[in-house]
Amino acid sequence: QPQQQQPQQQQQEQKQQLQQQASRVRDENQSQQGEQEQQQEHGQSEQGEDEREQGSENGDQQQDAQEPPSQAPASPTSQPPRAATDNGQGCPTQRRPSSSILSGSYTLSDDGRSSVQVARDSDGFLSTDVLIHQEKLFTRSMEELCGQAATLCVERGHLMWQMWAALRHMLRLVLQDRETSRAITREARRSELSVKGSVEAEKAVAKAEMEEVTHMNEVLNRRVLSRQAEIDQLRAKVTELEIHIASQANFNPALLQQQIEELQINVSISERQVQNLNAKLETVQRDFTEAQKEVSYLTNKLSEARSDYTSMASRLAVRTPRPSQPRMPPWELIKEEESHLTQQALREGCSPKDMHRLLLGVSFNNCNILPWVNNFMGCCRNWTPAAKGAGEEGAGGMAEAQDIADETMSIAPSRAGMGSSHSRGPSAVMHSRAGSIAAGGSTKSGTRKSKFLQPMLPPIKDLQPQLSRLLATQNVTRMQKSLPSEVVQAVSQMANHGVDPDSMACLLLGSVSPDGLELTPYKSLAGILSKRFGGTADDIGGPMTEALVMASMSTRERMEHVENQLLLKHRMAVKYRRAIAEQRKQTEDMKEQELKQQSRKIMRTPHPLTHLLSQKRCEYFVGLGTDPSVPQVLQFEGKVYCRTLEKAEAERTVHTIWRSKREFEGTHNINVTLPDYLYIFLQRKFSKAQTLSEAAYNLLYSLSKHMYDPDCSIFLKVLMNEVGEDIREQQDGLKSTFLEALKHIDEETNVKATGWLLKNDMRAGLRKSFQNKTEHQMVELFDALDSDEPRELVNYFRLFDSDNDLNQGVFAETIRQQHLNEQMAFYQSIEDAILDQVEKNGNDACTPQMLSTAFKKTHPHMSSEEVDVYQRRVFPSKNEKDKGLNSPRFEIDF
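Note that the coordinates shown come from a computational prediction; the quantities given were computed from them, not determined experimentally.

1. Quick look at the overall build of the protein
So, point 1. Per the secondary structure count, the protein includes 29 helices and four strands.
So, point 2. The long-range fraction of contacts in the protein, counting pairs at least 24 apart against all pairs at least 6 apart in sequence, stands at 69%.

As structure tokens, this is what we get:
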């Protein structure tokens, strides 16, 4: 239905559109015809008036001709002759028709049909052109008739003409309506044809769908019939099976099912046995093969051992015996049994500090708990916060638990040499037996419960806070409900001696710290150091604790620790040698500079900071004064007390200053020199001038004591205007370029970057990256690499890492120091060239031309763009000065 309604709606819409178009066309035609008719009427009225005037003149002439000559002619102003005489009242009478009409002698030939030409077009309608042409002919005829009628009566002629005009107008309207109707009809026919086409297409589609549905129906019918046949077959099979089941009703299905299940179980058991036998056979074969290999290996080892023994025996005969190593604490201070017990506690997981506290008899809060260790340590290990009546049970089982602890302690030394993987430790034995006693069990073998059925005790770190809160209340009644009376009495004694509740709770639970191991089996070690050697809690963290830490390590860990200590000491020795070499180099440079200055007529004024850094082991500094040549941060008069900083602290301060300076310049969009910003940085931290000066003097003096470190050296040289601040960026770029080169070599050697390279590949990468270095410098780098990485395989990504004291490896610091020395030599060569020109020309200032000449003389390979960069640093433009660009790296005072 929606498909049928759509063409009808389209037809209605098309009809409405056609009607609207026809109405618009009709209105336009009417307006045009109205204008044409008005023009025609206006012309016809004028023509009628002319004709009437002519007719009246002709009528007058005819009347004059008919009238007797006795009548006088009418004057021009007289009225026109009347068509009829008056009726005596002054009104003209109507002219009667002629006698021929009245007599009936004149008759019409027909009703006028023969005078109309009827012509039709191809659509069967009257031809519009023919009708218009005939209308024009009739109009001309009517004009003649009206003119003739007007000669008799103007009003009649005019009325006839108006009637004919009305008929013409009606004819025009009829023709317009007919054209409109024809247009609507054509449009309707066209839409009808389109609708018929769409209907035919829909019919074709529906017919195709109908055929498809019919085909599908036939297919489904065939399938239904096939399924029905299958159902019939299945029903027949079911009937056969029912008959077979009925025939088998004489047998017992349950018995048959049971036999089948038994057979299946036997088969599965046999399969498992076969699998187990195969597995055992494979295991035996593997063990036999391994045993054969082990026998052959042991045979070879035995032969090697015999040969080694023979060779060693021959060598031993000609060598002196090696002296034994001195015994280290604490083993030289305690007995052998105590030493074994201490080592076992450390292997069980006791921390070295807790073991040192137990040996001293103090808690983790340094409280003296030695008087109560033997009697009350671990007596409340089975205490639970929710236990009721635990006091009575605990009181009844206290002595027995103590006996068990003593028994365990007596057998502990014999087990000290055994590993934890082969036996349960004393703590486990104590837990199992004391737990059974606290639960009401007996110690007799006949009634003792199995150790595997004992419940797990909660950790000490979970019980300690709750027991500590109970003890902190100091409520005896409440404590007696959950603790034995002996324990309550001991708690009051410990409180009187200043032991805090946390330490008391740890002691009662069998430990010396909340997170520590239960030390009840090792309480015989309590206080042996304090009793025998007067040890105190201040010793914790000292050599004794370090010795216990070493004892708690495995052999591998101790070896790694020793190797790391040796490596660190080796690095420190190398750094000290480099520091001594650097000081010697500085001394030689200063002497060489003094010799140059002695030979020169013009000398450069030394930096005021040089005098401060040259002092050694002074108790105080003398202020550099307030001269304008002294940086503002160092302008001070009087004594400044010397408080030398550690290297790590001084270097951290340097890194903070660099980072803060970069943020300050980015925030304010200006460039600040390092001396000026150092004053700003310290002024933010210290408001008093005395404190600010002390911080500045001590920081710079501390840095001068570690000139072997590139970070310290660069900061001082930038502060003294000897190198530019961009040297830090240059060194970062140098590091990145070198690591990228090593990574490229790593990818070529190992297919992908692994981070590890052999030293031969490292040496090749160094020679490729630093082609401008001398052979002496390359040898220095190779030695530094061997110092950092004694093994053949090098992790090159960690060569530039820093330790906790901000010390880099010898290799990284050697590369940076070489780069710094190269930059210093670069600037020094330019300065010497400028001084030579000044002495030669007799100038008293450095000009841009002199600086450019010095660059060309000392470094002819530099491009003009690079020279311009240094020119702008020394002689900045006005805009750069306004932005605060730091000045001249080559500023020379004469």
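2. With respect to helix H19 (residues 647-668)
Residue pairs three or four apart in sequence face the same way in an α-helix, which turns once every 3.6 residues.
So, point 1. Compared with the 32 Å implied by 1.5 Å per residue over 22 residues, the 32 Å span of H19 between its first and last C-alpha is a close match.
So, point 2. Along H19, the residues that are buried comprise Lys647, Ala648, Ala650, Glu651, Val654, Ile657, Trp658, Ser660, Lys661, Phe664 and Glu665.
So, point 3. Along its buried surface, H19 packs onto helix H20 (674-685), helix H21 (689-704), helix H22 (710-719) and helix H23 (727-750).
So, point 4. Just past H19, the residue Asn669 takes up positive phi, approximately 60°.

3. What about the nonpolar core?
For soluble globular proteins, the rule of thumb is that nonpolar side chains tend to be buried together.
So, point 1. The biggest cluster of nonpolar side chains holds 57 residues, and the ones touching the most others in it are Leu634 and Phe715.
So, point 2. Sorting the residues of this core by element identifies helix H18 (609-613), H19, H20, H21, H22, helix H26 (810-841), helix H27 (848-858) and helix H28 (864-874) as the ones contributing at least two each.
So, point 3. Every residue in contact with Leu634, bar those within four places of it in the chain, is listed here: Leu609, Leu624, Gly625, Ala696, Tyr697 and Leu700.
So, point 4. Ranked by size, the runner-up nonpolar core spans 46 residues in total, among them Cys350, Ile369, Val491 and Ala526.

4. A word on the side chain of Gln837
So, point 1. Assignment of secondary structure puts Gln837 in helix H26.
So, point 2. Judged by its relative accessible area of 14%, Gln837 is buried.
So, point 3. Here the side chain of Gln837 touches Met850 through a polar contact of 3.1 Å, landing on its backbone oxygen.
So, point 4. Setting aside its immediate chain neighbours within four residues, Gln837 contacts Gly842, Met850, Thr853 and Ala854.

5. Things to note about the pattern of salt bridges
So, point 1. Counted by the stated rule, this structure contains 22 salt bridges.
So, point 2. Note that Arg643 is salt-bridged to Glu694, the shortest N-O span being 3.1 Å. Taken together, the residues Arg643 in the loop between strand S2 (639-641) and H19 and Glu694 in helix H21 connect sequence positions 51 residues apart.
So, point 3. Between Asp711 and Arg816 there is a salt bridge, and its shortest N-O distance comes to 2.6 Å. With Asp711 in helix H22 and Arg816 in helix H26, this pair connects stretches of sequence that are 105 residues apart.
So, point 4. On the basis of relative accessibility, which here comes to 14%, the residue Asp711 falls in the buried class.
So, point 5. Here the salt bridges share partners, and the residues they tie into one network are Glu135, Arg168 and Arg172.

6. A look at the packing of aromatic side chains
So, point 1. Enumeration according to the criterion identifies 14 aromatic pairs in this entry.
So, point 2. Among the aromatic residues, ring-to-ring pairing joins Phe738, Phe770, Phe800 and Phe811 into one connected group.
So, point 3. A cation over an aromatic ring shows up here: Lys639 above the ring of Tyr620, its NZ or CZ 4.5 Å from the ring centre.
So, point 4. One residue, Arg763, lies across the ring of Phe782, its end atom 5.9 Å from the ring centre.

7. Comments concerning the environment of Lys856
So, point 1. As for its placement among the helices and strands, Lys856 is situated in helix H27.
So, point 2. Judged by relative accessible area, Lys856 falls into the exposed class, the value being 61%.
So, point 3. A C-alpha to C-alpha distance of 9.6 Å links Lys856 and Ile830, two positions 26 residues apart in sequence.

8. Focus: a negative patch on the surface
So, point 1. Together, Glu646, Glu649, Asp803 and Asp805 make up a region of like negative charge exposed at the surface.
So, point 2. With respect to the secondary-structure elements, Asp803 resides in the loop between strand S4 (793-795) and H26.

9. Description of the side chain of Gln731
So, point 1. Locating Gln731 in the fold gives a position in helix H23.
So, point 2. By relative accessible area, which is 6% here, Gln731 ends up buried.
So, point 3. Reaching out from Gln731, the side chain makes a polar contact with the side chain of Arg816 at a distance of 2.7 Å.
So, point 4. When neighbours within four sequence positions are excluded, Gln731 is seen to be in contact with Ile714, Arg816, His819 and Leu820.

10. Side note on a nonpolar patch on the surface
So, point 1. Judged by side-chain polarity, Tyr620, Val622 and Tyr641 come together as a nonpolar surface patch covering roughly 310 Å² of accessible area.
So, point 2. For Val622, the location among the structural elements is in strand S1 (residues 620-622).
So, point 3. Looking at Val622, the relative accessible area reads 52%, which means it is exposed.

11. Remarks on unusual backbone geometry
So, point 1. Non-glycine residue Asn366 carries a positive phi angle of around 65°.
So, point 2. Relative to the helices and strands, Asn366 is located in the loop between helix H7 (352-360) and helix H8 (370-376).
So, point 3. A relative accessible area of 48% places Asn366 in the partly exposed class.
So, point 4. Positioned with a positive phi, Asn721 is a non-glycine residue whose angle comes to about 65°.
So, point 5. Mapped onto the elements, Asn721 comes out in the loop between H22 and H23.
So, point 6. Taking the relative accessible area as the measure of exposure, Asn721 reaches 19% and is therefore buried.

12. Looking at the confidence of the model for the protein
So, point 1. Scored by pLDDT, the protein has a mean of 75; 73% of the residues are at 70 or more.
So, point 2. pLDDT under 50 marks residues 59-110. Its contacts with residues more than four places away, or in other chains, come to 20 contacts.
So, point 3. Between residues 320-327, whose pLDDT stays under 50, and residues either more than four places distant or in other chains, the model counts one contact.

13. Some points on the state of the cysteines
So, point 1. The full count for this structure, using the stated rule, is zero disulfides.
So, point 2. No disulfide involves Cys379; its sulfur sits 3.8 Å from the nearest other cysteine sulfur, which is in Cys380.
So, point 3. Among the residues examined, Cys379 registers a relative accessible area of 16% and is labelled buried.
So, point 4. With a relative accessible area of 3%, Cys380 lands in the buried category.

14. Considering the packing of H21 against H22
A pair of packed helices is characterised by two quantities: the angle between their axes and the separation of those axes.
So, point 1. Across the interface, H21 lies against H22 with an axial gap of 9 Å and an inter-helix angle of 125°. Considering their axes alone, H21 and H22 lie oblique with respect to each other. Note that H21 runs across H22; the crossing there is left-handed. Mapping the contact onto sequence places Leu700, Leu703 and Ser704 in H21 and Cys712, Phe715, Leu716 and Leu719 in H22.
So, point 2. Of the residues that constitute the contact of H21 with H22, the class distribution is six nonpolar, one polar and no charged.

15. Here's the deal with the packing of helix H25 (residues 775-788) against H26
So, point 1. Taken N-terminus to C-terminus, the directions of H25 and H26 make an angle of 155°; their axes are 7 Å apart at the nearest point. Relative to H26, the element H25 is oriented roughly antiparallel. The segment H25 lies against H26, with Gln777, Glu780, Leu781, Ala784, Leu785, Ser787 and Asp788 engaging Val810, Phe811, Ala812, Thr814, Ile815, Gln818 and Glu822.
So, point 2. Along the lines of polarity and charge, the residues of the contact of H25 with H26 split into seven nonpolar, four polar and three charged.

16. A few points about the environment of Pro710
So, point 1. By secondary structure assignment, the location of Pro710 is in helix H22.
So, point 2. The buried category is assigned to Pro710, whose relative accessible area is 1%.
So, point 3. Along the backbone, Pro710 and Leu820 are 110 residues apart, and their C-alpha atoms lie at a distance of 7.7 Å.
So, point 4. Look past the residues within four positions of Pro710 in its chain and what remains in contact with it is Glu813, Arg816 and Gln817.

Rules and cut-offs
Residues numbered from 1 in each chain as written. Predicted model: local features only at pLDDT ≥ 70, side-chain atom pairs only at ≥ 80, totals over all residues. Heavy atoms only, no water. Helix = DSSP H or I, 4+ residues; strand = E, 2+ residues; numbered from the N terminus. Contact = heavy atoms within 4.5 Å. Expected span 1.5 Å × (residues − 1). Buried < 20%, exposed > 50% of the residue type's maximum accessible area, 1.4 Å probe, protein only. Core = buried A, V, L, I, M, F, W, Y, C linked by side-chain atoms within 4.5 Å. Polar contact = N/O pair within 3.5 Å; in protein donor to acceptor, adjacent residues only side chain to side chain. Salt bridge = Lys/Arg side-chain N within 4 Å of Asp/Glu carboxyl O. Phe/Tyr/Trp six-rings, centres within 6.5 Å; stacked < 30°, edge-to-face > 60°. Lys NZ or Arg CZ within 6 Å of the ring centre and 35° of its normal. Patch = residues over 30% accessible without salt bridge, like charges linked within 9 Å, V, L, I, M, F, W, Y side chains within 5 Å. Areas by Shrake-Rupley, 256 points an atom, 1.4 Å probe, with all protein chains shown as cover. Lys, Arg positive; Asp, Glu negative; His and termini not counted. Charge placed at Lys NZ, Arg CZ, Asp CG, Glu CD. pLDDT = per-residue confidence, 0-100. Disulfide = S-S within 2.5 Å. Axes fitted to C-alpha atoms, helices over the stretch in contact; angles between N-to-C directions. Parallel < 35°, antiparallel > 145°, perpendicular 65-115°, else oblique. Left-handed = near helix turned anticlockwise from the far one by under 90°. Nonpolar A, V, L, I, M, F, W, Y, C, P; charged D, E, K, R; others polar.

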